[in-house]
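Tertiary structure, described
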Amino acid sequence: MFGLSALFLARFQFAFTVGFHIVFPAFSIGLAAYLAVLEGLWLKTGRSAYLDLFKYWLKIFSVVFAMGVVSGLVMSYEFGTNWSQFSQKAGPILGPMLAYEVMTAFFLEAGFLGVMMFGLNRVGKGLHFGATCMVSIGTLISMTWILASNSWMQTPQGYIIDEATGRFLPGNWWQIIFNPSFPFRLVHMGLAAFLSVAFIVAGVAGWHLLKARREGRQASEQVRLMFSMAMWMAAIVAPVQFLAGDTQGLNTLEYQPAKIAAMEGDWDSEGRAPEILFGIPDMENETTHYKVQIPLLGSLILTHSLDGKVPGLKDYPKDLRPYSPLLFFSFRIMIALGSLMVLVGLWSLFLRWKGSLYDNAMLHRVALWMSPAGFVALLCGWITTEVGRQPYTVYGLLKTSDSVSQIALPSMATSMVAFVIVYFVVFAGGITILLRSFAQEPHPGEEGPSEHEPQMSAGTTQVSHHPHNAGLAE
């Protein structure tokens, strides 16, 4: 299954680049919304702590947004170099949707990003808040188009197949965009982005609360405020995310039952099925070893009925089965982390009720340890979704082996090594910058990104800073 081949390296390279990339758009989506909330609360209440937090997280947003753009550019080229057959056959449907993302989301973000980043003291408060909202909306629109495209690959509909070329042609754009899995995945991904950022914010606040305790002082108002907001988000959104995941699971059971069977480690379809909490699926021997299971719970969770029938992998030919061991564990890691997030949110509600939210060092340590949990869960969810679609790129219609470019193994191996080296160097630098920013405590009078005019390029003349020339200097 995982022998070294050009196909395997093409899959691994795309998984590697997407694995790096997906974290940063999710971070941007959640953080842009958080910035809009902070600025809106500042305008409504006049409380300066909200403005300080806005400026603090705006600097972090600038780094995250840049890393998301850089990491995303690479994948467009991979479609042409490594997946030319896929691009040729699915391009008439996926190409326009990706173009719509550029025209709606990227243009919107590009038009207002500069105002949001550097215009707080240059434009009116209302206009600046509008720019922040437009950037946030842009990130949500981008997520919408990307998920519509990917969801069509999971549950394709609205297409016509050209018999002469085998290409997928659009037949009904409404059906293509609003395919069966799209609404459920859109909600699930949006909540995942918000929850991931909430735990990053909570982790940063937890670090500074612990630091203040060690130094024998009270944490700043800004630190306590962002910890409180993050815990509210955890307490409200984490339980809702479980409900959203449940509805997506029901949708997956209907349209991709083989994926469900692989996730659950079930080999025989049966009613009144148990839920396997732990085990080691064995693809060769068609069994799951060392099972720890709860009777009837599998049917209850998957079908909402004790008598419901749960699919088994033996219902499908061996060459059409998703790789169960990877799905089994990635799915359970996601569920375990999601459960911990719910518990942290409920714990914070209890401490808030007792009036000790900012005094409980154990909660602050847990928040710090849990800070990357949202993104780890998000990555595990992505692995579950994408590996569960295999061996297809367009589920049930176009196999992955028929989607790859005719490229030699040495060439693919060379590009793979180059990608790994460059990504680790570049993103290690970016993550170092983020960690250093997190280590700085937000304080009264926080400064946002530098609003000084950029240095002029060599050979140009510096424009006067006279107010009448301010527009030219920009």
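Rules used in this analysis
- Residues numbered from 1 in each chain as written.
- Predicted model: local features only at pLDDT ≥ 70, side-chain atom pairs only at ≥ 80, totals over all residues.
- Heavy atoms only, no water.
- UniProt positions renumbered as here; feature names shortened; annotations may be inferred.
- Helix = DSSP H or I, 4+ residues; strand = E, 2+ residues; numbered from the N terminus.
- Rg over C-alpha atoms; globule rule 2.2 N^0.38 Å.
- Buried < 20%, exposed > 50% of the residue type's maximum accessible area, 1.4 Å probe, protein only.
- Areas by Shrake-Rupley, 256 points an atom, 1.4 Å probe, with all protein chains shown as cover.
- Lys, Arg positive; Asp, Glu negative; His and termini not counted.
- Charge placed at Lys NZ, Arg CZ, Asp CG, Glu CD.
- Salt bridge = Lys/Arg side-chain N within 4 Å of Asp/Glu carboxyl O.
- Polar contact = N/O pair within 3.5 Å; in protein donor to acceptor, adjacent residues only side chain to side chain.
- Expected span 1.5 Å × (residues − 1).
- Contact = heavy atoms within 4.5 Å.
- Core = buried A, V, L, I, M, F, W, Y, C linked by side-chain atoms within 4.5 Å.

In the annotation of an unreviewed UniProt entry, the entry for the chain reads Cytochrome bd ubiquinol oxidase subunit I, and the organism field reads Gluconobacter frateurii NRIC 0228. UniProt, in its Sequence similarities (unreviewed entry) section for the chain, records the words "Belongs to the cytochrome ubiquinol oxidase subunit 1 family."

As for the overall build of the chain
For the chain, the count of helices and strands is 14 helices and 8 strands. In summary, the chain has a C-alpha radius of gyration of 24 Å against a globular reference of 23 Å for 474 residues, a match within 12%. Expressed as lengths along the three principal axes of its C-alpha atoms, the size of the chain is roughly 70 × 60 × 40 Å. Residues counted as buried form 49% of the 474 residues belonging to the chain. Carbon and sulfur atoms provide 66% of the accessible area of the chain, an area that totals close to 22,200 Å². Each charge class in the chain can be summarised by its mean position, and for the 29 positive and 31 negative side chains these summaries are 6 Å apart.

Observations concerning the side chain of Asp52
As for its position among the elements, Asp52 is in helix H2 (residues 48–81). For the buried residue Asp52, which engages in no salt bridge, the nearest side chain bearing the opposite charge is Lys55, 5.8 Å off. At 2.8 Å, the side chain of Asp52 and the side chain of Gln222 are in polar contact.

Observations concerning helix H12 (residues 373–387)
Compared with an ideal rise of 1.5 Å per residue, which puts 15 residues at 21 Å, H12 spans 21 Å between its outermost C-alpha atoms and is within 8% of the ideal. Counting buried residues along H12, 12 of its 15 residues qualify, which places the element largely inside the surrounding structure. Listing the buried residues of H12 in full gives Ala373, Gly374, Phe375, Ala377, Leu378, Cys380, Gly381, Trp382, Thr384, Thr385, Glu386 and Val387. Those residues of H12 hidden inside the fold are in contact with helix H1 (6–45), helix H4 (125–154), helix H6 (182–214), helix H7 (221–255), helix H8 (257–264) and helix H10 (324–354).

A closer look at H8
For H8, the tally of buried residues reaches 7 of 8 residues, placing the bulk of the element in the interior. Within the sequence span of H8, burial applies to Ala258, Lys259, Ile260, Ala261, Ala262, Met263 and Glu264. Looking at the buried side of H8, the elements it contacts are H4, H7, strand S4 (275–282), helix H9 (297–303), H10 and H12. Looking one or two places after H8, you find Gly265, whose phi comes out positive at around 70 degrees.

So, the nonpolar core
Of all hydrophobic cores here, the largest spans 120 residues; its most connected members are Tyr34, Trp57, Phe61, Met97 and Trp152. With 17 residues, H1 is the single largest residue contributor to this core. Not counting residues within four places of it along the chain, the set of residues in contact with Phe61 comprises Ser28, Leu31, Ala32, Leu35, Leu113, Met116, Met117 and Val135.

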